[in-house]
Amino acid sequence: MQYPQVPVTKPRDTSADSTRAQIIRAAARQFATNSYSSVNLDEILADAKVTRGALYFHFRSKHALAEAILDERARMTRSALVELINRRMSGLETIVDMVYLVGAQEFGTELGRAGLNLMDCLGRIEGVQSRRLNEWVTAMAAVVERAAEEGDINADLDAEDVARLIIAVYAGTRLTTDMADARQFLHHMAKNWNLVLPAIANPERLGYLNEFIRRRTAHALREWKQTEAPSS
């Protein structure tokens, strides 16, 4: 009997992976509270407790390190969104949770806050911001189509247009909220949901959807108590 051949893979250098992750975590702590220009590599080295040689082994410059943080932030978000979508909740419930999930990452994690600061500094110049937003639009539009099939969203609307509207409302709410006050963001976002839903939802479902927003926001408030950004 012939057995299928198993491809030989090289063992991962877990030590190198650990050092790289250690550097990214330390850099994220610095970029979470400081602008790109005000952070220097010496501060990151001291925080990460690694040598300059170790840093340059993984990242050729501060800019490359910033790009790695943005990539890791995107990877974390994609992974969480895929997991959320696979729960197979109703389409509109999934859309609401997508917004609150991204908000929890951006308000409640150092990597998320670092990603926001770096996106403001580098994202617009290098097209990273539009690329990442378009990825989110594509993912959400697919769920909008499902919500329309389920009867929660007006099927006459273009799914991508609806996705862009929701993401624009989220981004605007985030920009007008103090990053140290996640609870304020949730309250503002709940009010904005109640303004947006009549424009996109099936009128017969509005009562249920408004109640869902109320319950989901209350649940998020309880969840976020332990992950609010520090006030400093």
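The structure reproduced in this document is the subject of the present report. Model, not experiment: these values are computed from the prediction. The numbers attached to residues start from 1 for each chain and follow its sequence in the written order. Thresholds applied to this predicted model are a pLDDT of at least 70 for local features of residues and 80 or more for the giving and counting of side-chain atom pairs; totals over whole chains, interfaces and linings are not thresholded and use all residues. The basis for every side-chain value is the complete set of heavy atoms in the structure, and neither hydrogens nor water enter the calculation.

### Some thoughts on the overall build of the protein chain
For clarity, the cut-off: Put simply, DSSP marks the helices as runs of H or I at least four residues long and the strands as runs of E at least two long, and each gets a number from the N terminus on. Whether a residue is buried, partly exposed or exposed follows from its accessible area with a 1.4 Å probe, protein chains only, as a fraction of its type maximum: under 20%, in between, or over 50%, in that order. Contacts between residues were defined by any pair of non-hydrogen atoms, one from each residue, lying within 4.5 Å. Accessible areas in this description were obtained via Shrake-Rupley with a 1.4 Å probe; residue shielding takes into account the shown protein chains only.
Looking only at helices and strands, one finds 10 helices and zero strands in the protein chain. Ordered by position in the sequence, the α and β elements of the protein chain form the string α-α-α-α-α-α-α-α-α-α. For the protein chain, with 232 residues in total, the buried portion stands at 44%. Within the protein chain, counting contacts between residues at least 6 apart in sequence, those at least 24 apart form 70% of the total. When the accessible surface of the protein chain is split by element, carbon and sulfur atoms take 52% of a total near 12,800 Å².

### Regarding the packing of helix α5 (residues 91-108) against helix α9 (residues 182-200)
Geometrically, a packed helix pair is captured by the angle between its two axes and the distance between the axes. The condition is simple: Helix axes use the C-alpha atoms of the stretch in contact, all axes being lines fitted to C-alpha atoms, and the angles between their N-to-C directions lie in the range 0 to 180 degrees. The labels follow the angle: roughly parallel below 35 degrees, roughly antiparallel above 145, roughly perpendicular from 65 to 115, and oblique for the rest. Put simply, a crossing is left-handed when the front helix is turned counterclockwise from the back one by less than a right angle, and right-handed when it is turned clockwise. Each residue gets one of three labels, nonpolar for Ala, Val, Leu, Ile, Met, Phe, Trp, Tyr, Cys and Pro, charged for Asp, Glu, Lys and Arg, and polar for the others, Gly among them.
Direction vectors running N to C along α5 and α9 enclose 155°, while the axes themselves pass 11 Å from each other. Relative to α9, the element α5 lies roughly antiparallel. Crossing of α5 over α9 shows right-handed handedness. On α9, the residues that touch Leu-92, Ile-95, Val-96, Val-99, Tyr-100, Gly-103 and Phe-107 of α5 are Ala-182, Phe-185, Leu-186, Met-189, Ala-190, Trp-193 and Leu-197. Grouping the constituent residues of the contact of α5 with α9 by class yields 13 nonpolar, one polar and no charged.

### Digging into α9
We apply this condition: Helices are assigned an expected span. That span is 1.5 Å times one less than the residue count.
Compared with an ideal rise of 1.5 Å per residue, which puts 19 residues at 27 Å, α9 spans 26 Å between its outermost C-alpha atoms and is within 8% of the ideal. For α9, the elements touching its buried residues are α5, α8 (159-175) and α10 (206-224).

### Details of the packing of helix α4 (residues 62-85) against helix α7 (residues 128-149)
Running from N to C, α4 and α7 point in directions that differ by 0°, and their axes come no closer than 12 Å. Our classification of the angle between α4 and α7 gives roughly parallel. Contacts between α4 and α7 pair Leu-70, Asp-71, Ala-74, Arg-78, Leu-81 and Ile-85 from the former with Val-128, Arg-132, Glu-135, Trp-136, Val-143 and Arg-146 from the latter. The residue makeup of the contact of α4 with α7, split by class, is seven nonpolar, no polar and five charged.

### Comments concerning a negative patch on the surface
Basically, it comes down to this: Patch membership needs two things, relative accessible area over 30% and no salt bridge, and members are linked within 9 Å if like-charged or within 5 Å if nonpolar (Val, Leu, Ile, Met, Phe, Trp, Tyr). Here a salt bridge means any side-chain nitrogen of Lys or Arg lying within 4 Å of a carboxyl oxygen belonging to Asp or Glu. For the purpose of charge, His is not counted, nor are the chain termini; Lys and Arg are scored as positive and Asp and Glu as negative. Where a charge sits is defined by one atom per residue type, namely NZ (Lys), CZ (Arg), CG (Asp) or CD (Glu).
Where like charges cluster on the molecular surface, the negative patch consists of Glu-145, Glu-149, Asp-158 and Asp-161. Mapping Asp-158 onto the fold places it in the loop between α7 and α8. Given the relative accessible area of 42%, Asp-158 is considered partly exposed.

### Here we look at the nonpolar core
Our working rule: Nine residue types can take part in a nonpolar core, namely buried Ala, Val, Leu, Ile, Met, Phe, Trp, Tyr and Cys, and a core is a set of them joined through side-chain atoms within 4.5 Å.
Core analysis: the biggest nonpolar cluster contains 43 residues, and Ile-95, Tyr-100, Met-140 and Trp-193 have the highest contact counts within it. Mapped onto this core, the elements with two or more residues apiece are α4, α5, α7, α8, α9 and α10. Ignoring sequence-local partners within four residues, the contact set of Tyr-100 consists of Leu-186, Met-189, Ala-190, Trp-193, Arg-216, Thr-217, Ala-220 and Trp-224. Core analysis: the next-biggest nonpolar cluster, separate from the first, contains 28 residues, Leu-41, Leu-45, Ala-48 and Phe-59 among them.

### Let's talk about the pattern of salt bridges
Applying the stated criterion to the full structure yields 13 salt bridges. Where Asp-42 meets Arg-52, a salt bridge forms, and the shortest distance between an N and an O atom there is 2.3 Å. Residue Asp-42 is located in helix α2 (residues 41-48), and its partner Arg-52 is located in helix α3 (residues 52-58); the two are separated by 10 residues in the primary sequence. Linked by salt bridges that have partners in common, Arg-73, Glu-106 and Arg-174 make up one network.

### Details of the environment of Asn-154
Short version of the rule: In protein, a polar contact means a hydrogen-donor-capable atom and an acceptor-capable atom, both N or O and within 3.5 Å, with residues adjacent in sequence counting only if both atoms are side-chain atoms; elsewhere, any N or O pair within 3.5 Å suffices.
Tracing the sequence through the fold places Asn-154 in the loop between α7 and α8. Residue Asn-154 is classed as partly exposed on the basis of its relative accessible area of 31%. When the C-alpha positions of Asn-154 and Pro-203 are compared, they lie 8.6 Å apart, and in sequence the two are 49 residues distant. Those residues in contact with Asn-154, other than ones at most four positions away along the chain, are Ile-200, Ala-201 and Asn-202. Among the polar contacts listed, one links the side chain of Asn-154 to the backbone nitrogen of Asp-156, at a separation of 2.9 Å.

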